[in-house]
Amino acid sequence: MTEAVDPAARTAELEKGLAAVRSRIVSATTASGRADEPTLIVVTKFHPADDIRRLARLGVTDVGENRDQEASAKSEILRDLGLNWHFVGQLQSKKAKSVVRYAHAVHSVDRPQLADGLARAVAAEQDRSGRAALECFIQVSLDDDAGAHRGGAAPSEVGPLAEQLAAADGLVLAGVMAVAPLGASPEASFEKLASISERLTADHPAATGISAGMSQDLEVAIRFGATHLRIGSDILGSRPAVG
Ligand SMILES: *Cc1c(COP(=O)(O)O)cnc(C)c1O
């Protein structure tokens, strides 16, 4: 991954983006009367490993990726940084084996077959490397139009999926995740997610995670209880075109 940019200028650009986002997070957290600040996951998909190195020097500890091949390569190159890698994209069950080699958490568990694949893969990986348990967020579709959704289980499927994840050795049921549907109000979407989270924690009190909020809607997500924010473009700039 070669760079056409001036390294010092790029570092300054990232520092500025990160500072702006961190200040938005502090303001929104204070405005919502919360004492606990959500975890910032910087979504680095399509951006080079050098950018992640710069972000780590700026204090970033958690990064998000949405394609296994890319995440696997970057995490290998950046092993020395000790970052937490969050997988946030749609995931094929056959990729589970690869993802458990580097991922600290998967935010896109949305069907029994994938939960099963991750459970088997993490058990094998724990035998091999002694890795920690894998945190799993259930991705929920907040879109009423099933044909248009961007991945995710229907709200009615969350209960059974949660039982499955909670019962699996090596998996930790962390909570729920969603992307606000295009065209819908983020307020209505994240309010719905908060109520789904509330139902989940009634049965699974430790599964308090709410992974919600991107560059455009992080303030609303914080207002509705987000514990994990997934921010890309407002820190890194627009994503390079995919080849
Ligand atoms: C890309 C991506 C993000 C980050 O989105 P930005 O609008 O760039 O902040 C967050 N969540 C998921 C699932 C993504 O794929």
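Conventions and cut-offs
- Residues numbered from 1 in each chain as written.
- Predicted model: local features only at pLDDT ≥ 70, side-chain atom pairs only at ≥ 80, totals over all residues.
- Heavy atoms only, no water.
- Helix = DSSP H or I, 4+ residues; strand = E, 2+ residues; numbered from the N terminus.
- Rg over C-alpha atoms; globule rule 2.2 N^0.38 Å.
- Buried < 20%, exposed > 50% of the residue type's maximum accessible area, 1.4 Å probe, protein only.
- Arc of directions from axis to C-beta.
- Contact = heavy atoms within 4.5 Å.
- Near = heavy atom within 4 Å.
- Polar contact = N/O pair within 3.5 Å; in protein donor to acceptor, adjacent residues only side chain to side chain.
- Areas by Shrake-Rupley, 256 points an atom, 1.4 Å probe, with all protein chains shown as cover.
- Nonpolar A, V, L, I, M, F, W, Y, C, P; charged D, E, K, R; others polar.
- Axes fitted to C-alpha atoms, helices over the stretch in contact; angles between N-to-C directions.
- Parallel < 35°, antiparallel > 145°, perpendicular 65-115°, else oblique.
- Core = buried A, V, L, I, M, F, W, Y, C linked by side-chain atoms within 4.5 Å.
- Pairing = 2+ DSSP bridges.
- Right-handed = clockwise from strand over helix to strand, strands pointing away.

## Topic: the overall build of the chain
A tally of helices and strands in the chain yields nine helices and eight strands. Taking 2.2 N^0.38 as the reference for a compact globule, 243 residues should give roughly 18 Å; the C-alpha atoms of the chain span a radius of gyration of 17 Å, in line with that estimate. Counting only C-alpha atoms, the chain reaches 50 × 45 × 35 Å along its principal axes. Going through the 243 residues of the chain one by one, you find that 49% of them count as buried.

## Focus on helix H6 (residues 158-167)
Those residues of H6 not exposed but buried are Val158, Leu161, Ala162 and Leu165. Along H6, the residues classed as buried sweep out an arc of 105° about the axis, all on the same side. When the buried face of H6 is taken as reference, the exposed residues oriented beyond 90 degrees from it are Pro160 and Ala167. Residues of H6 that are buried make contact with strand S4 (103-109), helix H5 (112-129), strand S5 (134-139), strand S6 (171-177) and helix H7 (186-203).

## Here we look at the site of the ligand
Close contacts around the ligand come from Val43, Lys45, Val88, Met177, Met214, Ser215, Arg230, Ile231, Gly232, Ser233 and Arg239, and that covers them all. Here arginine 230 contributes a side-chain N or O atom positioned 2.9 Å from a nitrogen atom of the ligand. In the environment of the ligand, an oxygen atom lies 2.8 Å from a nitrogen or oxygen atom belonging to the backbone of glycine 232. When the ligand is considered free in solution it has 390 Å² of accessible area, and contact with the protein chains removes 89% of it. Looking at side-chain class alone, the shell around the ligand contains five nonpolar, three polar and three charged residues.

## Some thoughts on the packing of H5 against H6
For the pair H5 and H6, interaxial distance at closest approach is 10 Å and the crossing angle is 10°. When the axis of H5 is compared with that of H6, the two are roughly parallel. From H5, Pro112, Ala115 and Asp116 reach across to H6, where they touch Leu161, Gln164 and Leu165. For the contact of H5 with H6, the per-class residue count stands at four nonpolar, one polar and one charged.

## Things to note about the nonpolar core
One finds Leu118, Leu134, Leu171, Leu193 and Ile235 to be the most contacted residues of the largest nonpolar core, which totals 64 residues. Beyond its immediate chain neighbours, meaning those up to four positions away, leucine 118 contacts Leu91, Ala96, Val100, Val106, Val109, Leu134 and Leu171. Ala105, Phe137, Ala174 and Val179 belong to the second-largest nonpolar core, a separate cluster that totals five residues.

## Examining the pairing of strand S2 (residues 62-65)
Here S2 shows a buried face lined by Asp62 and Gly64 and a second buried face lined by Val63 and Glu65. One ladder, built from two bridges, connects strand S1 (residues 39-43) with S2; its direction is parallel. Of the residues in S2, the one forming a bridge with valine 42 is valine 63. In terms of handedness, the path from S1 via helix H2 (residues 49-57) over to S2 forms a crossover that is right-handed. Across four bridges, the pairing between S2 and strand S3 (residues 84-87) is parallel. Note on S3: the bridge partner recorded for glutamate 65 is phenylalanine 87.

## Digging into the environment of glutamine 164
The topology assignment puts glutamine 164 in helix H6. Separated by 61 residues in the primary sequence, glutamine 164 and glycine 225 place their C-alpha atoms 25 Å from one another. The residues touching glutamine 164, leaving out its near neighbours within four places in the chain, are Pro112, Ala115 and Asp116.

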